[in-house]
Amino acid sequence: MKLALLFVLLALASAFPAKDGTPEDLDAQTVTELPAQNRSRFAMLDDVRLLANGLLQLGHSLRDFVHKTKGQIKDIFQKLSIFDRSFSQLSEVTSEIREKEEELKKTTTFLKANNQEIKSLSLEISSKMNNILQERTQLQSKVGSLEEKLSGLTESLPNAQQLGDIAQLKEVISTQEKSITALVKEVKGQHEQLNFQRNKIKLLEERLNSETFQETVDKISNSTPEAPGLEYIANNSTNSSIDINDLPVDCSHAFNRGERNSGIYPIKPNQSEPFYVYCQMTADGGSTVIQSRQDGSVDFDQMWAKYENGFGNLEKEFWLGLKKIYAIARQGSSILQIELEDWKQGRHSFEYNFTLEGPDSHYALHLTQVSGDLPDAMANYTASFSTKDRNNKEDSSCAHNYTGGWWFNACEGTNLNGRYSHIRPRGRTERRRGIYWRPGGGNTFSLKSSKILIRSLSNDGSFL
């Protein structure tokens, strides 16, 4: 509107006629000679032109202002677009939180129902155990009276039939006594286990409102007992049938002897007592498994002594032990294989030339990558092994800040012995406390399972 008014004034100024035919470009002398009425009219014309020039400049200023205003409006629209996207993302996160909250409510309801069933079962077992103990007391008193009668009968020289009946009665009583004793032990064990589970459920109910469901499941999994088989064979008298002098030195040696099935085998590395390992056999040869993570059934947040001697179940989850790993690695050139599975069922593998130092160097690991199908997190790697009770990394305490024992090169680096997550962790802190693979400066890969193996090399660098 203002621009239109400006153009109208300019048009009027340019078309304003000089009255009485006086031209616009009269010089000063001519103007002076004109009548006073005409001179005033020329003065008014100058004023109009001056006003027109001012309005023209105002128009230019208004045009610049309009351009700036358009730019600012464009910026505002861009910011509104960014805000809409952020609001959409926030809505998605809110939806996920609500879904998790519903899952927690369902889990809480389920645990409460189970707790009530366990309480009822515990009361029933306690009642049965009391009845059994009472029956045992009655039987003992009967046995005492029978013994008194037997002692009296022995004085009166009973006949052969009476002696047979007495012997048979003693056998029946002895059998019943053994059965009752075994039953009492079993009932006590079940009662203690039920009390233990009841205490765990009570602990879960208290923590469900303040911790995630994943942390609760991890605490329950900590009670998984260690499976036998990780001790040295020389300390186990049940293995007397094994000729320890004719055992293979590792799984590659077992493969060369004709073994083709994956499973548990006894081996005897050079300068070591024999022990059991899990051998993974393929068409190309045998590899010794030194670590396996698959379902969270074993707690890997252990102290130095456990990591040095080994723990877990050789057929499921386990850590073979630093002493045994060092005994295998010191025999010659080997390849360290790492097999990983992420939460999208993606499988990845890596191979390294490696050496492992002994206990005096805190089992320092040296790696050089040979192959891999992910950005590498352990290329040209050198680190000592650390646990939360024995930190061997001078500039920090990664094992204490996170979980599990590992060759920590950096606290935010790779850790395949962290706490197991039964669902894919979403938060950064949860991922760093679990099993993950993080290339230097890259994204963190949260893992569902992992396996570490050792494969021996021949003198020419080929697999045995």
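Residues numbered from 1 in each chain as written. Predicted model: local features only at pLDDT ≥ 70, side-chain atom pairs only at ≥ 80, totals over all residues. Heavy atoms only, no water.

Caption draft 1: Layout of the overall build of the protein chain. Helix and strand counts for the protein chain come out as 10 helices and 13 strands. When contacts within the protein chain are restricted to residue pairs at least 6 apart in sequence, those whose partners lie at least 24 apart make up 56%. (Helix = DSSP H or I, 4+ residues; strand = E, 2+ residues; numbered from the N terminus. Contact = heavy atoms within 4.5 Å.)

Caption draft 2: The nonpolar core, seen in detail. By size, the foremost hydrophobic cluster in this structure holds 56 residues, and its most contacted members are Trp319, Ile338, Met378, Trp407, Leu416 and Trp437. Per-element accounting of this core gives the leading share, five residues, to strand E2 (residues 275-282). Apart from residues no more than four positions distant in its own chain, Met378 is found in contact with Ile338, Tyr352, Leu365, Leu367, Trp406, Thr414 and Trp437. One finds Ile118, Met129, Leu194 and Ile201 within the second-largest nonpolar core, a separate group that totals six residues. (Core = buried A, V, L, I, M, F, W, Y, C linked by side-chain atoms within 4.5 Å. Buried < 20%, exposed > 50% of the residue type's maximum accessible area, 1.4 Å probe, protein only.)

Caption draft 3: Inspection of the pairing of strand E13 (residues 445-456) at higher detail. E13 sits mainly inside the fold: nine of its 12 residues count as buried. Sheet analysis places strand E3 (residues 285-293) next to E13, joined by five bridges and oriented antiparallel. Its bridge partner being in E13, Thr288 is matched across the sheet by Ile454. The pairing of strand E6 (residues 334-342) with E13 spans nine bridges and is antiparallel. Paired with Leu340 across the strands is Ser450, a residue of E13. Strand direction decides the pairing type here: strand E12 (residues 436-437) and E13, joined by two bridges, are antiparallel. (Pairing = 2+ DSSP bridges.)

Caption draft 4: Just unusual backbone geometry, in detail. In this structure, His362 takes a positive phi of about 60 degrees despite not being glycine. Relative to the helices and strands, His362 is located in the loop between strand E7 (347-356) and strand E8 (365-372). A relative accessible area of 31% places His362 in the partly exposed class. Despite not being glycine, Tyr363 has its phi angle at roughly 55 degrees, a positive value. Here Tyr363 is to be found in the loop between E7 and E8. Here Tyr363 falls in the buried class, since its relative accessible area comes to 2%.

Caption draft 5: Representation of the state of the cysteines. As enumerated under the stated definition, the model contains one disulfide in all. Disulfide partner of Cys251: Cys279, at an S-S distance of 1.9 Å. Judged by the torsion about the S-S bond (-80 degrees), the Cys251/Cys279 disulfide is left-handed. Taken together, the residues Cys251 in helix H6 (residues 251-256) and Cys279 in strand E2 connect sequence positions 28 residues apart. (Disulfide = S-S within 2.5 Å.)

Caption draft 6: View of empty space enclosed by the protein. For the structure on display, the rule yields two cavities of 30 Å³ or more. Approximately 40 Å³ is the volume found for the largest cavity. As for the largest cavity, its lining consists of Ile290, Ile325, Leu336, Phe354, Leu356, Leu365, Trp407, Ile452 and Ile454. Looking at the lining of the largest cavity, the elements with two or more residues in it are E7 and E13. Per-class residue counts for the lining of the largest cavity are nine nonpolar, no polar and no charged. (1 Å grid on protein atoms, 1.4 Å probe; cavity = no way out; pocket = protein on both sides within 12 Å on 5 of 7 lines; lining within 4 Å. Points joined across faces, edges and corners; volume = space filled by probe spheres on them. Nonpolar A, V, L, I, M, F, W, Y, C, P; charged D, E, K, R; others polar.)

On their own, these measurements won't tell you what the molecule is for.
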